[in-house]
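Here is what each chain is made of, one letter per residue.
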Amino acid sequence: MATPIDKKETLQRIQALPQVKRWREGNYEPGAWFTAKPAEDGGIWGSWGHRFQPNRRGVSLVELNRADRHPIPAAGLGLMVDREAGAAPDAPRYDYPLNQKYQVWSYNVESLYEEAVSRQWSATRDIPWDKLEPLPEDQERALCQFVSFLHTVEFVPGDTLPFYMARVDPSFSEVRLFMSSQCADEARHMEVFGKRMYANGGGPGVEPGAEALLQFDPRKSVLPQEIARTVATVNPTWDFLAYSYFVQMIGEAVVLDFFRFGEFLGRNPCDKEMFRRIMQDEARHVSFGTMRIKYYLENAPRQEREDASEMLHYLASACEASGTGFGLLLQPSAIEPFALLAAGSVGSLDKGWGVVREFWANAVEEYINRCERAGIPRRGRCMLPEEAPF
Ligand SMILES: [Fe+2]
Ligand SMILES: [Fe+2]
């Protein structure tokens, strides 16, 4: 590899650039950006004359978009400037695979993003760690295993979201902003679980074994390979749609049920607060995914709507029948500590398993309701047993 080492040559090359020549000659006249007319009048400037008034709360995306006289475009521009900006005729265009609004948008994305930024919290500062109290040893062990398992699960969205985010056309910046906030949330969840394991006399537990039924390789696709291949052969852009179903509507939703349970069972203000805060974050992730699918099914071109609906039912049947995603409900390294926490001691495990059975029935019922909201009616079609199979 030849390394350029001649500083003089470098200077000459820079000074030969047309703009640098102009500036060296004392010609400081601003370029087209200064004189161009807005696009509405046939120019290359973007838009002009926005009369937005920031209010007491500042500038929220919800109000900004509502006040804008230009609707969000149906197709992305393939540019990295703001979607209302103009572009020089020779500006480079980028080929983002997810470049249609219906492919990425979610009904509540602006308000979800605003909620996400206003509710960021610190795992260091905002958890009342000083309120932790020593637990009976079996309870501390169960809690440590439970959060060790959840720590593992946080990697699923954390590792895979950026892959899809980079494919979303920047014209839909609200979607990218929300996905970034989700990445920040997932990192904080890993952090807080990681800290909790060490903070009360216990320590990190065991990585789940093969029964985990997570069955995916985040370096390829988050979906099990066979299912991912089938989906991609019909439509290569459906990977992201399938992602929202598989990760946000099953995985994160089941985990949200776990968190709710964690808050309920927490024995001190510290554990309760940890699960309460995580729950709020997780509810946003589930809501984004659910409302995304709904938006897709209501706004895609007609034929694609029908095809996508058929694909989602195929995906739902395949995931329900194979335990993909729902394997979280059968994962010993999560469910056994769960039962022990609910039991209160090893002596009353029967009682704990009764709670787990109820949890199963609730999780399935909530899943069916969520599918309903997303526009994939599964009642009467869902392959999962409504009652716990144990
Ligand atoms: Fe999370
Ligand atoms: Fe999440």
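From a predicted model like this one, the values you see are computed outputs, not experimental measurements. (Residues numbered from 1 in each chain as written. Chains lettered and ligands numbered in written order. Predicted model: local features only at pLDDT ≥ 70, side-chain atom pairs only at ≥ 80, totals over all residues. Heavy atoms only, no water.)

Draft legend 1. Up close: the packing of helix H13 (residues 332-343) against helix H14 (residues 349-374). Here H13 crosses H14 at 115°, and the two axes come no closer than 7 Å. H14 is crossed by H13, and the crossing has right-handed handedness. Of H14, the residues touching H13 (which contributes Ile335, Glu336, Phe338, Ala339, Leu340, Ala342 and Ala343) are Leu349, Lys351, Gly352, Trp353, Val355, Val356 and Phe359. Here the residues of the contact of H13 with H14 are counted per class, giving 11 nonpolar, one polar and two charged. (Axes fitted to C-alpha atoms, helices over the stretch in contact; angles between N-to-C directions. Helix = DSSP H or I, 4+ residues; strand = E, 2+ residues; numbered from the N terminus. Left-handed = near helix turned anticlockwise from the far one by under 90°. Contact = heavy atoms within 4.5 Å. Nonpolar A, V, L, I, M, F, W, Y, C, P; charged D, E, K, R; others polar.)

Draft legend 2. The arrangement of the packing of aromatic side chains in detail. Evaluated as defined, the whole model comprises 26 aromatic pairs. Taking 6.4 Å as the distance between ring centres and 80° as the angle between the ring planes, the aromatic pair formed by Phe146 and Phe261 counts as edge-to-face. With Phe146 in helix H7 (residues 137-165) and Phe261 in helix H10 (residues 238-265), this residue pair connects regions lying 115 residues apart in the sequence. Accessibility expressed as a relative area gives 1% for Phe146, which makes it buried. Chaining the aromatic ring pairs together yields one cluster made of Phe146, Phe193, Phe258, Phe259, Phe261, Phe275, Phe338 and Phe359. The ring of Trp105 is capped by Lys101, whose NZ or CZ atom sits 4.9 Å from the centre of that ring. The lysine or arginine in question, Arg167, covers the ring of Phe163, its NZ or CZ lying 3.7 Å from the ring centre. (Phe/Tyr/Trp six-rings, centres within 6.5 Å; stacked < 30°, edge-to-face > 60°. Buried < 20%, exposed > 50% of the residue type's maximum accessible area, 1.4 Å probe, protein only. Lys NZ or Arg CZ within 6 Å of the ring centre and 35° of its normal.)

Draft legend 3. Just the coordination of the iron ion (ligand 2), in detail. The iron ion (ligand 2) binds to the protein through Glu186 (OE), Glu252 (OE), Glu282 (OE) and His285 (ND1); the donor distances cover 1.9 to 2.2 Å. Coordination at the iron ion (ligand 2) comes from four donor atoms whose angles at the metal span 90 to 162°, giving a geometry best classed as irregular. In primary sequence terms, the donor set of the iron ion (ligand 2) follows E-x65-E-x29-E-x2-H. Between the iron ion (ligand 2) and the iron ion (ligand 1), both coordinated by Glu186, there is a metal-metal distance of 3.3 Å. Taken as a pair, Glu252 in helix H10 and Glu282 in helix H11 (residues 269-299) lie far apart in primary sequence, 30 residues in all. Owing to a relative accessible area of 3%, Glu252 belongs among the buried residues under this scheme. Taking the relative accessible area as the measure of exposure, Glu282 reaches 2% and is therefore buried. (Donors = N, O, S within 2.8 Å, 3.2 Å for Na, K, Ca; no water. Tetrahedral: all angles 85-135°; square planar, octahedral: opposite > 155°, others 65-115°.)

Draft legend 4. Here's a closer look at the coordination of the iron ion (ligand 1). Every protein donor of the iron ion (ligand 1) is listed here as Glu154 (OE), Glu186 (OE), His189 (ND1) and Glu282 (OE), and their distances to the metal cover 2.0 to 2.5 Å. Coordination at the iron ion (ligand 1) comes from four donor atoms whose angles at the metal span 80 to 160°, giving a geometry best classed as irregular.

Draft legend 5. Highlighting the side chain of Asp281. Residue position: Asp281 is located in helix H11. With a relative accessible area of 0%, Asp281 lands in the buried category. Separated by 3.0 Å, the side chains of Asp281 and Trp121 make a polar contact. The contact partners of Asp281, leaving out residues within four places of it in the chain, are Arg119, Trp121, Asp185, Arg188 and His189. (Polar contact = N/O pair within 3.5 Å; in protein donor to acceptor, adjacent residues only side chain to side chain.)

Draft legend 6. Layout of the pattern of salt bridges. Applying the stated criterion across every chain, the model contains 20 salt bridges. Between Arg276 and Glu273 there is a salt bridge, with the nearest N and O atoms lying 2.9 Å from each other. With Arg276 and Glu273 both in helix H11, this residue pair falls three residues apart, about one helical turn. Arg276 gets classed as partly exposed once you look at its relative accessible area, which sits at 30%. (Salt bridge = Lys/Arg side-chain N within 4 Å of Asp/Glu carboxyl O.)

Draft legend 7. A look at the nonpolar core. Counting 94 residues, the largest nonpolar core has Tyr245, Phe258, Leu315 and Tyr367 as its most contacted members. Beyond its immediate sequence surroundings of up to four residues, Leu315 is in contact with Leu223, Ile227, Val231, Ala242 and Tyr245. (Core = buried A, V, L, I, M, F, W, Y, C linked by side-chain atoms within 4.5 Å.)

Honestly, it's all geometry; don't read function into it.
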